[in-house]
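# Structural description and commentary
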Amino acid sequence: RPSEERMAFIYDSRKLVFSGLSGELVLPPLSVTVADDKGERTRIYQPVQQLARPPQRVGFQAGWFRFSLLTVHIVYGESAPDTPARIAEIRALARFLAEHSESGDVWSRNMILLGDFNIVSPDNQTFREFIDAGFTVPYPLQALPSSIDKTGRHYDQIALKSTPEMAPTEDE
């Protein structure tokens with residue numbers, strides 16, 4: 001139950017500096033251009049389905065490296081691996097963050113997503129949504145299930161999106 005969940009960012013202030021960036025991530029409305037019966041085009045904004053548990057975003061700096069940490073707790077839904085609601089939520093989040101990373105915002109160029117992605121396996125569509133949006137899950141973690149009940153599921157994940165010079169290689 002979301003009301004019983006709590007999240008905290010604990011860090012060593014000798015290694016990291018808090019940037020002052022902290023808040024809940026809310027998806028913006030969709031911008032749609034429509035034409036009326038005379039052919040005149042107008043831009044309208046349509047609300048989007050918000051995430052069941054909005055990620056918390058915090059900015060840090062380590063030396064010259066600036067990055068954002070975002071908590072993730074994707075909707076669980078049915079026990080099926082590729083539940084449509086879960087895929088839609090992951091797709092919306094991944095695409096928004098991918099587009100935002102191109103904005104030039106210094107805190108969006110390097111992002112680390114942490115938390116409960118509710119991904120059953122790296123072979124599922126839920127996992128591919130992050131990969132298709134340009135995120136990377138470190139290779140050793142892809143082979144390492146995270147479920148405490150030893151079911152072999154990959155619920156808890158770390159996904160990275162960074163500038164090309166900071167992107168991890170296959171060896172990392």
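Further up the page is the structure itself.
Here goes a summary of the coordinates provided. Predicted, not measured: the structure shown is a model, and the values here were computed from it.

### Brief notes about the overall build of the protein
From N to C terminus, the protein includes three helices and seven strands. Walking the protein from its N terminus toward its C terminus, one meets helices and strands in the order β-β-β-β-β-α-β-α-α-β. Counting all 172 residues of the protein, 34% fall into the buried class. For the protein, the proportion of contacts with a sequence separation of at least 24, taken over those separated by at least 6, is 63%.

### Points about the nonpolar core
Most often, soluble globular proteins keep nonpolar side chains buried together rather than apart. With 22 residues, the main nonpolar core has Leu25, Leu93, Leu97, Leu113, Phe117, Phe130 and Phe135 as its most contacted residues. Residue contributions to this core peak at six residues, all from helix H1 (residues 84-101). Other than its neighbours up to four places away in sequence, Phe117 contacts Val72, Ile74, Arg86, Ile90, Phe130, Tyr155, Gln157, Ile158 and Ala159. Within the second largest apolar cluster, six residues are counted, among which are Leu16, Val58, Phe65 and Phe67.

### As for the sheet that holds strand E4 (residues 56-62)
One open sheet accounts for five strands, arranged E1-E4-E5-E6-E7; its pairing is mixed. In this open sheet, the two edge strands, each paired with only one partner strand, are strand E1 (17-24) and strand E7 (156-161). In this sheet, neighbouring strand axes are inclined to one another by 20 degrees on average, regardless of whether the strands run parallel or antiparallel. Contacting E4, strand E5 (65-73), strand E6 (111-116) and E7, H1 crosses the sheet at an angle of about 165 degrees to E6.

### Let's talk about the pattern of salt bridges
Under the definition given, this model contains two salt bridges. As a salt-bridge pair, Asp12 and Arg14 come within 2.8 Å of each other at their nearest N and O atoms. Residue class for Asp12 comes out partly exposed when judged on its relative accessible area of 29%. What makes Arg14 exposed here is its relative accessible area of 72%.

Cut-offs and rules
- Within any chain, residue numbers begin from 1 and follow the written order of that chain's sequence.
- Only residues with pLDDT of at least 70 are given local features in this predicted model, and only at 80 or more are side-chain atom pairs given and counted; all residues enter the totals for whole chains, interfaces and linings.
- Hydrogen atoms and water are omitted, and side-chain values are computed over all heavy atoms in the structure.
- Only DSSP runs of H or I reaching four residues or more are called helices, and only runs of E reaching two or more are called strands; each is numbered from the N terminus.
- For every residue, the accessible area (1.4 Å probe, protein chains only) is compared with the maximum for its type, and the residue is labelled buried under 20%, exposed over 50%, or partly exposed between those bounds.
- Throughout, a residue-residue contact means that at least one pair of heavy atoms, one from each residue, lies within 4.5 Å.
- Within this scheme, the nonpolar core is defined by two criteria: the residues are buried Ala, Val, Leu, Ile, Met, Phe, Trp, Tyr or Cys, and they are joined through side-chain atoms within 4.5 Å.
- Should DSSP find at least two bridges between two strands, the strands are taken to pair.
- Each axis is a line fitted through C-alpha atoms, taken for helices only over the stretch in contact, and angles between the N-to-C directions span 0 to 180 degrees.
- Think of a salt bridge as a Lys or Arg side-chain nitrogen and an Asp or Glu carboxyl oxygen that are within 4 Å of each other.

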